[in-house]
Every structure is written in C-alpha cells, then in structure tokens.
Amino acid sequence: MKYQEILNEIEIELSKKLKSGKIASYIPELAKIDQNKLGMHLYCINSGHYGFGDEKEKFSIQSISKVFSLTMAMNLVGDKLFSRVDVEPSGDPFNSLVQLEYENGIPRNPFINAGALVIADVLVSNLENPKKEFLNFIHKISGDDSIRVNDKVFESEKKFSHRNAALLNLMKSFGNIQNDIETVLDLYIYQCAIEMSCHELTTAFMIYANGGKMLSNNIQVISTTGIKRINAIMQTCGFYDEAGEFSFRVGLPGKSGVGGGIAAIHPGQYAVTVWSPLLNPKGNSAVGMYALERLTTLTGLSIF
Ligand code: GLU
C-alpha cells in the first residue's frame, strides 16, 4: 500500500476544507492551543512510518490515556475487572452522572469518565507508585523515555474537576471505589495530562494492532484475549456517544480525547494517529474523524 501517497492526498484535501468545531475550553489550559495544528502519523507493521504536518508535536492525550490504564488494569486483575465496570456503549456524554445512579454505581464502560475512574481506583489499589508506573508503561510501549506530564494542564484540570469528583463520590456511595477520592482523582487527572505526539502515540498503539506485542522486540505486553477485549471496547465505546458514527464512517477501533487526538488501529496492519484540536459537538476531533474516514476510503480497507 502506498501510504505516504495516500497521506499526502489527505493532507491536500484537508488544506482545502473549511475547519469547523470548537476547542475544549472546560480545561482552561487546553483552550490556549493553536486551533490550526494538524498532524497525522501511520505506522505500518510491514513497512514502517509515514506522516505529515505537526506529527512530532506533543499534545494532551486526555482520554486516549484510558486505553493504557485499561490495559494495565487488565494485566493486574484480569477479567474480574468487568464485575466493576461494564462493556456497553453508554449513549450518554462522557461525564454523565445520570446512568450511574440507576445502574447502582457500575459504569457502562471503561472509557466514559466513571469507568476510567474505577480503573484508576484499581491501579491505586494494585500499584506501589501508580503515577510513576503509568508513565513507565507508556515509556515502555512507545520506546520513548522523554514522554512527560504537562504540569500546567494537570493543575488546570485539577481546579475544574468537580464533576469527576462527583462521579467518584457517587460510585463510592455504591461501594465501587475503594481508595481515597482525592488519590484516585489525582491519578486520573495525571494520566490525562500526559503529552505525546502523533508519532509517539502511534508507536504506543502498535501493541493493539500487533496482537498485544511490541513490534520493536516482540515482547507480549497483553494477551491476545486482552487485545480482543480492548479493541472491541474501542470499537463500541471509543468515541463518546459517537462510536456508531465513527464505525460507520471510519470502520476502525480507536479512541479520541478532548485534546483533539484520535488514535486508531487496523488489526494486523497498522496504527494511526491524527491530531487537530477543533472538536465536533460530540467532543471528537472533526478533522481527525474526516482524515481517518478518507484513510479507510482511499485504502479501501477497514475492519469490515
Ligand atoms: N480529563 C478529561 C476529563 O475528565 C478527559 C476528557 C476526554 O478526553 O474525554 O474531563
């Protein structure tokens, strides 16, 4: 497949397209990002790296971090994790409190905030130094020790985390949070404030495209059953309440974040990341979604 030619074509198409959408501003530090940023990087299992634009510039990974925390939690506690968090699409916004009340504190899936907070609770229970080990995990799968948290984004979200604190309190009242609320919230905000480039994220996401193994050294990071589960959850729950639309238009498992990133994979083929900060009304990068739609259309390949 001539991936660089296809990416070049997508870049030209995007330069002619009128950009729509809004930058996430509920975390004030994110609102400072230049809305014209645009990068795309594809890492093919058989033929290596391709990309364009701001593909090497770091951005806030936000909810994309939920895929990494889920992977770590599954490795730590296995399938019993899914007695505390379900695997169904929510159909509600990512930070909704409503469903949790009538579903007895069991979040619909690990990618809505409530679910990711339960996962953070599992990490706090099972790791000696959860923040350090979370970052180490990212260093390992991306092969890059320079990846860090953006302290300003971390502090900025800390000041406006009342809703996530409310989710934690509600779940604690149902007995589904075991640790101190502040500690769990702190880890969750920390993981969201990590900064990575399209190039780095794509390399980290290779484990999900490559049956759970790192491509660089063939080390199995998560079992093939684990990969089946994580990719299925990305497919059905990875795009807030727009996972159906993403499947319909793009046809790849993936995860988006309010920093404007989308990371996706084609199992056995490639990992790919797009970054463009303007979000559509559902909170997904508008240009990112379009770029990935063009990728699967121009290659003629999706998972369907
Ligand atoms: N840290 C963000 C929050 O909890 C993540 C949101 C996202 O990327 O979906 O609001």
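Reference entry: report on the structure contained in this document. In every chain, residue numbers begin from 1 and rise along the written sequence. Totals for whole chains, interfaces and linings use every residue, but because this is a predicted model, local features are given only for residues with pLDDT of at least 70 and side-chain atom pairs only at 80 or more, for both listing and counting. Each side-chain value is worked out from all heavy atoms of the structure, with water and hydrogens disregarded.

Remarks on the sheet that holds strand E1 (residues 39–44)
Where we set the bar: Note on pairing: two strands pair once DSSP finds at least 2 bridges between them. The helix and strand labels rest on DSSP assignments: H or I over at least four residues marks a helix, E over at least two residues marks a strand, and numbering proceeds from the N terminus. Angular values range over 0 to 180 degrees, each being the angle between N-to-C directions of two axes fitted as lines to C-alpha atoms, with helices fitted over their stretch in contact.
The 5 strands are arranged E2-E1-E9-E8-E7 in an open sheet whose pairing can be described as antiparallel. Two strands bound the open sheet, and with one partner strand each, they are strand E2 (48–53) and strand E7 (254–256). Strand-to-strand twist of the sheet, defined as the mean angle between neighbouring strand axes without regard to direction, takes the value 10 degrees. Bridging between E1 and strand E9 (residues 270–275) involves 6 bridges; their strand directions are antiparallel.

Here we look at unusual backbone geometry
Backbone phi values are negative for most residues with the exception of glycine, while trans is the configuration of most peptide bonds. Backbone geometry places glutamine 62, a non-glycine residue, at a positive phi of 45 degrees. Mapped onto the fold, glutamine 62 is located in the loop between strand E3 (59–60) and helix H2 (65–77). Not every positive phi belongs to a glycine, and asparagine 104 is a case in point at roughly 55 degrees. Tracing the backbone shows asparagine 104 in the loop between helix H3 (98–102) and helix H4 (113–126).

Things to note about the packing of H4 against helix H8 (residues 181–192)
Applicable threshold: Each angle receives one of four descriptions, namely roughly parallel if under 35 degrees, roughly antiparallel if over 145, roughly perpendicular if within 65 to 115, and oblique otherwise. It is the rotation of the near helix from the far one that decides the hand of a crossing: anticlockwise by less than a right angle makes it left-handed, clockwise makes it right-handed. Between two residues, a contact is recorded if the distance between any of their heavy atoms is within 4.5 Å. We call Asp, Glu, Lys and Arg charged. Ala, Val, Leu, Ile, Met, Phe, Trp, Tyr, Cys and Pro are nonpolar, and the rest, Gly among them, are polar.
One can describe the packing of H4 onto H8 by two numbers: an axis separation of 9 Å at closest approach and a directional angle of 110 degrees. On the basis of the axis angle, H4 is roughly perpendicular to H8. Note on packing geometry: the crossing formed by H4 with H8 is right-handed. Side by side, H4 and H8 meet where Asn113, Ala116, Leu117, Ala120, Asp121, Leu123 and Val124 of the first sit next to Thr183, Val184, Leu185, Leu187, Tyr188 and Gln191 of the second. For the contact of H4 with H8, a count of residues per class yields 9 nonpolar, 3 polar and 1 charged.

Observations concerning the packing of helix H5 (residues 130–142) against H8
Contact pair H5 / H8: the axes reach a minimum separation of 10 Å and the direction vectors enclose 25 degrees. Judged by the angle between their axes, H5 and H8 are roughly parallel. The handedness of the crossing between H5 and H8 comes out as right-handed. Seen from H5, the contacting residues are Pro130, Lys131, Phe134 and Leu135; seen from H8, they are Asp186, Leu187, Tyr190 and Gln191.

Quick notes on the sheet that holds strand E4 (residues 148–149)
To summarise the sheet geometry, strands pair through backbone hydrogen bonds and adopt either a parallel or an antiparallel arrangement. Pairing in this open sheet of 3 strands is antiparallel, and the strands run E3-E5-E4 from one edge to the other. The open sheet has two edge strands, E3 and E4, and neither has a second partner.

Some remarks on empty space enclosed by the protein
The following threshold applies: The way it works is a 1 Å grid over only the protein atoms, where trapped points that fit a 1.4 Å probe form a cavity and open points with protein on both sides within 12 Å along at least five of seven lines form a pocket, and then any residue with an atom within 4 Å of a point lines it. Grid points are joined across faces, edges and corners, and a volume is the space filled by probe spheres set on the points.
On inspection of all chains with the given rule, the structure shows 4 cavities of 30 Å³ or more. Taken as a whole, the largest cavity holds about 50 Å³ of empty space. Tyr26, Gln62, Ser63, Lys66, Phe94, Asn113, Glu157, Asn164, Tyr188, Cys192, Tyr240 and Val258 are the residues that line the largest cavity. Among the residues making up the lining of the largest cavity, the classes are represented as 6 nonpolar, 4 polar and 2 charged.

Some thoughts on the layout of surface pockets
What the largest pocket holds in volume is close to 240 Å³. Around the largest pocket sit 15 residues that line it, and Tyr26, Leu279, Asn280, Pro281 and Gly283 are the ones nearest its centre. The class makeup of the residues in the lining of the largest pocket is 9 nonpolar, 3 polar and 3 charged. Reported here for the second largest pocket is a volume of approximately 170 Å³. Around the second largest pocket, the lining is made up of 15 residues, and of these Ile33, Lys58, Phe59, Ser60 and Glu195 lie nearest the centre. Residues that form the lining of the second largest pocket fall into these classes: 5 nonpolar, 3 polar and 7 charged.

Thoughts on the site of the ligand
Here is the rule: Here a residue is considered near a molecule or strand provided that any single heavy atom belonging to it is located within 4 Å of it. For the purposes of these results, a polar contact is taken to be a pair of N or O atoms within 3.5 Å, where, inside protein, one atom must be able to donate a hydrogen and its partner to accept one; residues adjacent in sequence count only when each atom of the pair is a side-chain atom. The rule for placing a molecule in a cavity or pocket is simple: more than half of its atoms must lie within 2 Å of the grid points.
Neighbouring the ligand are the residues Tyr26, Gln62, Ser63, Phe94, Asn113, Glu157, Asn164, Tyr188, Cys192, Tyr240, Gly257 and Val258. Here an oxygen atom of the ligand and a side-chain polar atom of tyrosine 188 are 2.7 Å apart. The cavity where the ligand resides is the largest cavity. Split into classes, the residues belonging to the shell around the ligand amount to 6 nonpolar, 5 polar and 1 charged.

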